[in-house]
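What the coordinates show
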Amino acid sequence: MNEFDLLIDLHKHNQRQGPGSPRVTEKAIELTGLLGQKNLRIADIGCGTGGQTLTLASHLDGKISAVDLFPEFLEILSVRASENGLNKRITPVEASMDKLPFGDNIFDLIWSEGAIYIMGFEKGIALWKRHLKTGGILALSDITWTTDSRPEELEQFWKKECPEIDTVSAKLEILGNQGFETIGHFILPEDCWIDHFYLPLQESYSFFLERQEQSKEAIELIANDRSEFEMYMKFKQYYSYGFYIARLL
Ligand SMILES: C[S@@+](CC[C@H](N)C(=O)[O-])C[C@H]1O[C@@H](n2cnc3c(N)ncnc32)[C@H](O)[C@@H]1O
């Protein structure tokens, strides 16, 4: 099993694959100003097993293209959509976020929770905005420094994991430079990391290790996960995800 297969097997049994929660998705939806509008076209990029996709579909009217690179996640999303009577409104799209199979100016809303870092915040915005209608909304959550300074150990860890980690003001400046007007932003609270992400993941470790027959690679993956969690618990006052909601001018 390669590294991706292992990651998929670890994460696919969970409600979500990154920090977030239905409550913050709802808060961000409210900030879009799109509640009550009809027949919206929405893309949810890096949707995973659909943690936020189902919340989007139950609050907003219209159709959602749910994009992920991995069919294993999309299969689970489809089952969850059917179980919630939302399958007619959610179309799974197996594609890479740097080669989206969509035309120009078609979406009212592009959503992406915890995934734009894979391309980079600026590069992702620059590439995705052509798919938005003028006046369309972009809603992104991305790793963000919450203080102006921080311990060197932490800085080194995140610069390696995610070189574009930056402050809220730096993220807002990028949005402005890319032709967006920010209409709201906020920092994700702790429960998004602990209760909705790390704890459910940790509860699944023993089943994962059983499925993987305690392989060396599986044990290493869990060890990495644990050290990321320990880093979070030690330094959580310095970083979180920021949610950014902006309109294309
Ligand atoms: C941190 S997870 C976030 C998932 C989900 N949005 C959530 O918050 O629970 C990042 C997601 O991006 C997907 N992904 C990774 N590389 C991708 C790519 N090149 N194109 C599209 N999706 C990708 C992963 O499969 C994963 O589902």
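The text that follows walks through the structure, step by step, so that each part is easy to find. Predicted model, so just to flag it, every value in this text is computed and none were measured. (Residues numbered from 1 in each chain as written. Predicted model: local features only at pLDDT ≥ 70, side-chain atom pairs only at ≥ 80, totals over all residues. Heavy atoms only, no water.)

1. Notes on the site of the ligand
Near the ligand lie 18 residues; those nearest to it are Arg 16, Gln 17, Gly 46, Asp 68 and Met 97. The contact in question runs from a nitrogen atom of the ligand to an N or O atom on the backbone of Gly 46, over 2.8 Å. For the ligand, a nitrogen atom lies 2.8 Å from a polar atom in the backbone of Glu 113. For the shell around the ligand, the per-class residue count stands at 8 nonpolar, 7 polar and 3 charged. (Near = heavy atom within 4 Å. Polar contact = N/O pair within 3.5 Å; in protein donor to acceptor, adjacent residues only side chain to side chain. Nonpolar A, V, L, I, M, F, W, Y, C, P; charged D, E, K, R; others polar.)

2. Overview of the nonpolar core
Considering soluble globular proteins, one finds that nonpolar side chains tend to be buried as a cluster. Ranked by size, the top nonpolar core spans 53 residues in total, and within it Ile 90, Trp 158, Trp 193 and Tyr 239 carry the most contacts. Looking at this core, the element that brings in the most residues is helix 10 (residues 216-235), giving 7 residues. (Core = buried A, V, L, I, M, F, W, Y, C linked by side-chain atoms within 4.5 Å. Buried < 20%, exposed > 50% of the residue type's maximum accessible area, 1.4 Å probe, protein only. Helix = DSSP H or I, 4+ residues; strand = E, 2+ residues; numbered from the N terminus.)

3. Quick word on helix 4 (residues 71-83)
In this model, helix 4 (13 residues) spans 18 Å end to end at C-alpha, consistent with the 18 Å of a helix rising 1.5 Å per residue. Along helix 4, the positions that sit buried rather than exposed are Phe 73, Leu 74, Leu 77, Arg 80 and Ala 81. One side of helix 4 holds all its buried residues, which, seen down the axis, span an arc of 120 degrees. Of the exposed residues in helix 4, the ones pointing more than 90 degrees away from its buried face are Glu 75 and Glu 83. Where helix 4 ends, the next residue or the one after it, Gly 85, has phi of about 65 degrees, a positive value. (Expected span 1.5 Å × (residues − 1). Arc of directions from axis to C-beta.)

4. Here's the deal with the state of the cysteines
Within this structure, the stated rule accounts for 0 disulfides. Here Cys 162 stays unpaired: no disulfide links it, and the sulfur of Cys 192, its closest cysteine neighbor, is 17 Å away. Cys 192 sits in the buried class, given a relative accessible area of 0%. (Disulfide = S-S within 2.5 Å.)

5. Notes on the packing of helix 2 (residues 22-32) against helix 3 (residues 51-59)
Where helix 2 meets helix 3, the closest approach of the two axes is 10 Å, and the angle between their N-to-C directions is 45 degrees. On the basis of their axis angle, the class for helix 2 and helix 3 is oblique. For the element pair helix 2 and helix 3, the recorded crossing hand is right-handed. Here helix 2 contributes Pro 22, Thr 25, Glu 26 and Ile 29 to the contact with helix 3, which in turn contributes Gln 52, Thr 55, Leu 56 and His 59. Taken together, the residues that form the contact of helix 2 with helix 3 break down as 3 nonpolar, 4 polar and 1 charged. (Axes fitted to C-alpha atoms, helices over the stretch in contact; angles between N-to-C directions. Parallel < 35°, antiparallel > 145°, perpendicular 65-115°, else oblique. Left-handed = near helix turned anticlockwise from the far one by under 90°. Contact = heavy atoms within 4.5 Å.)

6. Details of the pairing of strand 3 (residues 90-94)
Regular strands place their side chains on alternate faces of the sheet. Summarising the sheet, strand 2 (residues 62-68) and strand 3 pair through 5 bridges and their orientation is parallel. By the bridge assignment, Ser 65 is partnered in strand 3 with Thr 91. Of the crossover connections in this fold, the one passing from strand 2 over helix 4 to the parallel strand 3 is right-handed. (Pairing = 2+ DSSP bridges. Right-handed = clockwise from strand over helix to strand, strands pointing away.)

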